[in-house]
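Residue strings, one per chain:
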Amino acid sequence: MTQAPTTTMTGDSHGSYPSYLIGFVLAVILTVASFAAVMSHALSPGMALAALTVLAVVQIVVHLVFFLHMNTSTEQSWNLMCFIFAAASVIVIIGGTIFIMHDTAINMMSR
Amino acid sequence: MAHEATMSPLAHADDHHGEHHESPNVFGFWLYLMTDCVLFGSIFAAFAVLRNQYAGGPSGKELFDLTNVGIETAILLFSSITYGFASLNALAKNKKMVLLWLAVTFVLGLSFVGLELNEFSSMIAEGNGPDRSAFLSAFFTLVGTHGLHVTCGLIWMAVLMVQMMGPQDLSERMMNKLACLSLFWHFLDIVWICVFSFVYLAGVM
């Protein structure tokens, strides 16, 4: 890191050509898998939705690591902590909304 | 004032040793993105509740053209990596290449917005606008909000390209702006992953 000032800025935390390309290839594979899971009609709707969810979560992690350069270094600990808080909020909002509205619909016999 | 104060120590640090400390501006922008994340989470929650409320109107299966969605997805994915190349060239202080890759990213982003507007206008022309059913209201709100974000990113990118065109070097301030737009652009691609998975692909099942 210290011997060549011109290369220090392109260190791990900012990515490099190989890391962008690895991320891109992984993202393409995961995207194609998502489309294939639905368009091949090989899976039942429930299984396909589960597959879509898993593939989406994995692809989000790939993007976060390879494109947004998130890592667990101490320098980034605040970024990571804010992200975890936001992700937890989103899970509570979406999960809670689906749970409450489904429960309401059942009790109101609206579906 | 504020950014001057935070930037001068950074500029010195970069000259002398490799430890690159993230600017507080970039961290502040990251915080904004996290609130944006919650905004999209809320809209996704609304969509999840309303996705089966067709009110006698068309369902996603009848409306969505997966070829179009696939092209849009590919465009956004390519624009992510071309922005990545712009970032790497910015770190190498190669301004011409930064402008070139930003221009490529801009064209890709513009074609994404064009495809989306085309999809929206043909849906509305067939009478399937946001006023048709709760499902379509939620659909237009969610996908439209993402498209609006992409449009804002494009305006931002155009402004940065104009600012960079002068004879000056890539300043630390410009590097921070590029870093913020990088976060924004890659973040929008992450939102799009959720859109194509849970709106389009789950919608045609």
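Since the structure is predicted, the reported quantities are computational estimates derived from the model, not experimental observations.

## Notes on the overall build of chain B
Check the secondary structure of chain B and you find 7 helices and 0 strands. Taken from the N to the C terminus, the helices and strands of chain B come in the order α-α-α-α-α-α-α. Classification of the 205 residues of chain B by burial places 37% in the buried group. Within chain B, counting contacts between residues at least 6 apart in sequence, those at least 24 apart form 81% of the total.

## Brief notes about the UniProt feature "transmembrane region" (unreviewed entry) in chain B
Sequence positions flagged by UniProt for "transmembrane region" (unreviewed entry) are, in local numbering, residues 29–50, 70–91, 98–115, 135–162 and 183–203 of chain B. Here residues 98–115 of chain B is 100% helix and 0% strand, with 26 Å between the C-alpha atoms at its ends.

## Quick look at the nonpolar core
It is characteristic of soluble globular proteins that their nonpolar side chains tend to be buried jointly. Ranked by size, the top nonpolar core spans 71 residues in total, and within it Phe-44, Phe-139, Leu-142, Val-191, Val-195, Phe-196 and Val-199 of chain B carry the most contacts. For this core, the element with the most residues is helix H7 (residues 172–204) of chain B, which contributes 20 residues.

## Some words on the UniProt feature "transmembrane region" (unreviewed entry) in chain A
Residue and element names in this part refer to chain A. What UniProt calls "transmembrane region" (unreviewed entry) maps, in this numbering, to residues 20–39, 46–66 and 78–101. In the segment residues 46–66, helix accounts for 100% and strand for 0%; the C-alpha atoms at its two ends are 30 Å apart. As annotated, residues 78–101 comprises 100% helix and 0% strand, and the C-alpha atoms at either end are separated by 34 Å.

Definitions and cut-offs
Sequence order sets the numbering: in each chain, residues are counted from 1 along the sequence as written. Starting at A for chains and at 1 for ligands, labels are handed out in the order in which the entities are written. In view of the model being predicted, local features appear only for residues whose pLDDT reaches at least 70, and side-chain atom pairs are presented and counted only at 80 or more, with totals across whole chains, interfaces and linings using the full set of residues. Working definition: helices are DSSP H or I runs of at least four residues, strands are E runs of at least two. Numbering for both runs from the N terminus. Neighbour density around each residue's C-beta defines its exposure: 20 or more other C-beta atoms within 10 Å make it buried, 12 or fewer make it exposed, and counts between make it partly exposed, where C-beta atoms are placed from the backbone. Any pair of residues counts as being in contact when their C-beta atoms, constructed from backbone geometry, are within 7 Å of one another. UniProt positions are given in the numbering used here, feature names are shortened, and annotations may be inferred rather than shown by experiment. One nonpolar core equals one set of buried Ala, Val, Leu, Ile, Met, Phe, Trp, Tyr and Cys residues connected by C-beta atoms within 7 Å.

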